[in-house]
Amino acid sequence: MSRFRYAVGELAAAQKSAKGVSLYSRYVNRPAGRLLAAAAYGVRMSPNQVTAVSAAFTFTGVALIALLPPSHTLALGVFAALVTGFALDSADGQLARLTRRGSAAGEWLDHVVDCAKMLALHMAVLVSFHRHFGFSDPVYLLIPLAFQFAAVTVFFGGVLTEQLKRNAKAAGGTGGSAAAAPPAAPSTLRSVALLPVDYGLLCAVFLFLGSRELFLVLYCALLAAHLLFLPAFLAKWYRELSVPAR
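Source: prediction; values computed, not measured.

Caption draft 1: Representation of unusual backbone geometry in the model. Within the chain, Arg44 stands out as a residue other than glycine whose phi angle is a positive 60 degrees. Relative to the helices and strands, Arg44 is located in the loop between helix 2 (23-42) and helix 3 (47-67). For Arg100, which is not a glycine, the phi torsion comes out positive at approximately 55 degrees. Mapped onto the secondary structure, Arg100 falls in the loop between helix 4 (72-99) and helix 5 (104-132). The exposure class of Arg100 is exposed, given its relative accessible area of 74%.

Dropping the structure here:
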């Protein structure tokens, strides 16, 4: 238990900036991930092992969506699996920082699993729409394909932008001897605005998988949000990368 308490304290003091993070990730997923990272530290798991457990939970939820007919019981099981997998996805990075065992290979593994789960989740919805929802119009099957396109493009664009910024910063040095400006306080309005494109909110939508019409409405609402945010994100990232590194 002492290892757990030590880890919780260390992780609470070393959280990443909340800037550009939605309310769900800031107040739910990261704190849950912190507790899971501390538990993993207590049993001496490695960050990559936590990533593997995260993938196991997530892909169990994905398989349930594709294989079983929608029901309220299934919805609870899928939600629990996806949310736990998402919290563990936060835990592996926090554990890596705590143990100083982060590596390029571990970061690669984490991002590959993240990309695979986004692809697989919307593929599972497509399969469920086809097998269990009884849609007579095949146009409905385009909905998860469009969601998959938008979600994966946003994910890849964000990860690539972060990596390119990191490379530019390393190549440009520290930028002189001037003291670094303190980080700006995270915007609550921005955190609320980002909720519709937070993976955690998508997980929550699966709580309504047992109600066909309601699930479809909520799923389409998040798809619309992704399609609206996509060009804004791409323009923002391109503009940021167009500014020469200092």
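Having put the structure on the table, let's press on.
Caption draft 2: A look at the side chain of Asn29. Relative to the helices and strands, Asn29 resides in helix 2. Within polar-contact distance, the side chain of Asn29 engages the backbone oxygen of Phe86 at 3.4 Å. From its side chain, Asn29 meets the backbone nitrogen of Ala87 in a polar contact 3.3 Å long. When residues no more than four places from it in sequence are discounted, the contact partners of Asn29 are Tyr24, Phe86, Ala87 and Ser90.

Caption draft 3: A look at the packing of aromatic side chains. Taken as a whole and assessed by the stated rule, the structure comprises 14 aromatic pairs. Seen in terms of ring centroids, Phe135 and Tyr140 are 4.2 Å apart; in terms of plane orientation they differ by 15 degrees. Their pairing is stacked. Since its relative accessible area comes to 17%, Phe135 is described here as buried. The interplanar angle of 55 degrees and the centroid separation of 5.3 Å between the aromatic rings of Phe206 and Phe215 together place this pair among those described as tilted. We note that Phe206, like Phe215, is buried. Following the ring pairs from residue to residue traces out a cluster consisting of Phe129, Phe133, Phe135, Tyr140, Phe147, Phe206, Phe215 and Tyr219.

Caption draft 4: Representation of the packing of helix 3 against helix 5 in the model. In contact at an axis separation of 8 Å, helix 3 and helix 5 are set at 10 degrees when each is read in the N-to-C sense. Classified by the angle between their axes, helix 3 and helix 5 sit roughly parallel to one another. When its residues are assigned to classes, the contact of helix 3 with helix 5 shows 14 nonpolar, 6 polar and 3 charged.

Caption draft 5: View of the pattern of salt bridges. Under the criterion given, the structure shown has 7 salt bridges. Measuring nitrogen to oxygen at the nearest pair gives 2.6 Å for the salt bridge that ties Lys236 to Glu240. Note that Lys236 and Glu240 are positioned in helix 9 (residues 212-242) at a spacing of 4 residues, about one turn of the helix. Exposure remark for Lys236: the relative accessible area of 24% places this residue in the partly exposed category. The exposure class assigned to Glu240 is partly exposed, which follows from its relative accessible area of 27%. Each of Asp89, Asp114 and Lys117 takes part in salt bridges that share partners, so that together they form one network.

About the criteria used
- Residues numbered from 1 in each chain as written.
- Predicted model: local features only at pLDDT ≥ 70, side-chain atom pairs only at ≥ 80, totals over all residues.
- Heavy atoms only, no water.
- Helix = DSSP H or I, 4+ residues; strand = E, 2+ residues; numbered from the N terminus.
- Buried < 20%, exposed > 50% of the residue type's maximum accessible area, 1.4 Å probe, protein only.
- Polar contact = N/O pair within 3.5 Å; in protein donor to acceptor, adjacent residues only side chain to side chain.
- Contact = heavy atoms within 4.5 Å.
- Phe/Tyr/Trp six-rings, centres within 6.5 Å; stacked < 30°, edge-to-face > 60°.
- Axes fitted to C-alpha atoms, helices over the stretch in contact; angles between N-to-C directions.
- Parallel < 35°, antiparallel > 145°, perpendicular 65-115°, else oblique.
- Nonpolar A, V, L, I, M, F, W, Y, C, P; charged D, E, K, R; others polar.
- Salt bridge = Lys/Arg side-chain N within 4 Å of Asp/Glu carboxyl O.

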